[in-house]
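# Fold and contact review
Here's the letter readout for the chains.
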Amino acid sequence: MQADYQTLAEHYGTPLYVYDFDAMAANYRRLKEAFSGHKSLISYAVKANSNLSVVAHFARQGAGADCVSIGEVQRALTAGVDRYKIIFSGVGKRDDEIEIALREGILLINLESEAEMKRVEMIAKRLGKQARISIRVNPNVDAQTHPYISTGLHENKFGVEIDAAKRMYIYAKNSEHLDPIGIHFHIGSQLTDLAPLREATQIVADLVRSLHAIDVDIKFFDVGGGLGVVYRDETPIDVHAYADMITEAIRGMDLTIMCEPGRSMVANAGVLLTQVLYEKENGGKRFVIVDAAMNDLMRPTLYQAYHRIEYLGQNQEKATEADIVGPICESGDWFGKKVPMPPTEHNDLIAIHSAGAYGFTMASNYNTRGRAAEIALEGGTARLIRDRENFEDQIRLEKGYLNTPAEGYDDDT
Ligand SMILES: *Cc1c(COP(=O)(O)O)cnc(C)c1O
């Protein structure tokens, strides 16, 4: 594999995202099989890694798609995900997004507020449709994860409280244009403890029992995503314990279990390859400057996230500690601090591991840096699944600079 990295870096340049498609498929199968004996639908959370080839790869394994914008819904449809396996969540859906979702006939629109329900009803009425909906319940459970990725407490913006959810289900059941068939929760990401998930699952399962009792016919029980992965030394949740916990909580009810894993499907199937540009010392501190930057992988600076950094150059000398940093004009532009690293040479290759999730999808053009190319490895062969972004790509939507202010923008195209 490492020899491959060297060849890939030489052939496609760096920074370069490389994804192991076989590992992604294995991750999907492991989770799907944990639910065997029960109706289940695994909807891959597209935001973790939304490259069309990645989404298409999961679609070919039978996965659905969990989307948080109409753009993600369109990616899923374009990649060949079955429309009856697509679910659309998010606290702030626009009218045009709701309309497209209804026209496309996806499985579920996942509602996150009473106000949103009324808008979906109004739009469905205008289109002469009945909207299949689920409601995102906020079970007020502390997921014990980073505050930016904790979503299941009342203080977070997500979902609705149990009592509000009940009112909404009763309203929806009596509406000609709403068909409430799903329930949903998602309490956070990178979870490594089953207990908060169990607590949330039990709370929501009890709610389903009380809804069934008043003839609200919930069919889809969506437990969200959030399964944690190993970045350093975490102990991830065992998928069989997870599946057993859920089937136990909904015992006696005829429900399809839905699951929306993102990170656990792709994080450790991806690396970001980068090459050393320079070394320097400032005030006795050693810096290794590489050609990837925070615009390529934002997690370290955004969440103080740990990513294992591996030296793939030839130098066998003793490693000393160095900060691994990028070229961007921000002190937050770093990938690792006090990383053991032998003395490096210009162009030595470095792999930043666990970069398959929330890596490329959070990339930006900050400092007018083109976004990295992406490569898929499958069955021993490599293929380019996204071209490196060049300067022309970046300025394509800014051609108005050629106009004088008097002419204004040419928007009649
Ligand atoms: C982000 C998100 C997911 C995926 O979370 P992971 O931690 O990547 O598994 C699933 N469902 C919803 C609603 C989300 O917002």
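Computed from a predicted structure; not experimentally measured.

## Side note on the nonpolar core
If you look at the biggest cluster of nonpolar residues, it comprises 108 residues, and the most contacted ones within it are Ile183, Phe221 and Tyr242. For this core, the element with the highest residue contribution is helix α8 (residues 194–213), accounting for eight residues. Composition of this core by domain shows at least three residues from each of domain 1 (35–261) and domain 2 (268–391). Sequence-distant contacts of phenylalanine 221, that is, excluding residues within four places in its chain, are made with Ile183, Phe185, Thr201, Val204, Ala205, Val208, Ile246, Ile250, Leu255, Thr256, Ile257 and Met258. Within the second largest apolar cluster, 13 residues are counted, among which are Leu8, Ala9, Leu312 and Ala373.

## Focus on the packing of aromatic side chains
This structure, assessed with the given rule, holds five aromatic pairs. Where tyrosine 17 meets tyrosine 19, the ring centres are 6.0 Å apart and the plane angle is 25°; that geometry is what we call stacked. Note on tyrosine 17: relative accessible area 0%, which makes it buried. Judged by its relative accessible area of 0%, tyrosine 19 falls in the buried class. Pairing phenylalanine 185 with phenylalanine 221 gives two aromatic rings, centres 6.2 Å apart and planes at 70°, and the pair type is edge-to-face. Linking phenylalanine 185 in the loop between β7 (178–184) and α8 with phenylalanine 221 in strand β8 (residues 220–222), this pair joins segments that are 36 residues apart in sequence. We note that phenylalanine 185, like phenylalanine 221, is buried. Over the aromatic face of tyrosine 171 sits the side chain of lysine 118, whose NZ or CZ is 5.0 Å from the ring centroid. If you follow lysine 337 out to its NZ or CZ, it ends over the ring of tryptophan 334, 4.6 Å from the centre.

## A short note on helix α3 (residues 52–61)
By the burial criterion, the buried members of α3 are Val54, Val55, Ala56, His57, Phe58 and Ala59. One side-chain oxygen of the residue at the start of α3 lies 2.8 Å from the amide nitrogen of serine 53, identifying that residue as asparagine 51.

## As for the state of the cysteines
Tallied over the full model, the rule gives zero disulfides. Its sulfur unpaired, cysteine 67 is 15 Å from the next cysteine sulfur, which belongs to cysteine 259.

## Describing the pattern of salt bridges
Where charged atoms of side chains with opposite charge meet at close range, the side chains can pair. Within the structure shown, the criterion is met by 18 salt bridges. Among the salt bridges present, the one from aspartate 217 reaches lysine 219, with a minimum N-O distance of 3.2 Å. What makes aspartate 217 partly exposed here is its relative accessible area of 45%. Salt bridges sharing common partners tie together Glu99, Arg103 and Arg126.

## Quick notes on the pairing of strand β3 (residues 64–67)
Here β3 shows no split at all, with Gly64 and Asp66 on one side and Ala65 and Cys67 on the other all buried. Across three bridges, the pairing between strand β2 (residues 40–45) and β3 is parallel. When the sheet's bridge partners are listed, alanine 45 is paired in β3 with aspartate 66. You can see the chain leave β2, run along α3 and come back into β3, and the turn it takes is right-handed.

## Section: the domain arrangement of the protein
Splitting the protein by domain gives domain 1 (35–261) and domain 2 (268–391). Here the C-alpha centre of domain 2 lies 34 Å away from the C-alpha centre of domain 1. Taken residue by residue, the interface counts 16 residues in domain 1 and 17 residues in domain 2. Carbon and sulfur atoms make up 50% of the surface buried where domain 1 meets domain 2, a total of about 1,500 Å² over both sides. Area buried by domain 1 at its contact with domain 2 is led by Ala48, Asn51 and Tyr231, which between them contribute 38% of it. The tally of links from domain 1 across to domain 2 stands at zero salt bridges. At the boundary of domain 1 and domain 2, one finds seven residue pairs in polar contact (both at pLDDT 80 or more). Of the residues that constitute the side of domain 1 that touches domain 2, the class distribution is seven nonpolar, six polar and three charged.

## A short note on the side chain of aspartate 323
Its location among the elements puts aspartate 323 in strand β13 (residues 320–325). Of note is the side chain of aspartate 323, whose polar atom sits 3.0 Å from the backbone nitrogen of lysine 338. The contacts of aspartate 323, once residues within four sequence positions are left out, are Lys285, Arg286, Phe287, Val288, Gly336, Lys337 and Lys338.

Reading guide: rules and limits
Residues numbered from 1 in each chain as written. Predicted model: local features only at pLDDT ≥ 70, side-chain atom pairs only at ≥ 80, totals over all residues. Heavy atoms only, no water. Core = buried A, V, L, I, M, F, W, Y, C linked by side-chain atoms within 4.5 Å. Buried < 20%, exposed > 50% of the residue type's maximum accessible area, 1.4 Å probe, protein only. Helix = DSSP H or I, 4+ residues; strand = E, 2+ residues; numbered from the N terminus. Domains from an automatic or database assignment. Contact = heavy atoms within 4.5 Å. Phe/Tyr/Trp six-rings, centres within 6.5 Å; stacked < 30°, edge-to-face > 60°. Lys NZ or Arg CZ within 6 Å of the ring centre and 35° of its normal. Polar contact = N/O pair within 3.5 Å; in protein donor to acceptor, adjacent residues only side chain to side chain. Disulfide = S-S within 2.5 Å. Salt bridge = Lys/Arg side-chain N within 4 Å of Asp/Glu carboxyl O. Pairing = 2+ DSSP bridges. Right-handed = clockwise from strand over helix to strand, strands pointing away. Buried area = accessible area lost by both parts, 1.4 Å probe. Nonpolar A, V, L, I, M, F, W, Y, C, P; charged D, E, K, R; others polar.

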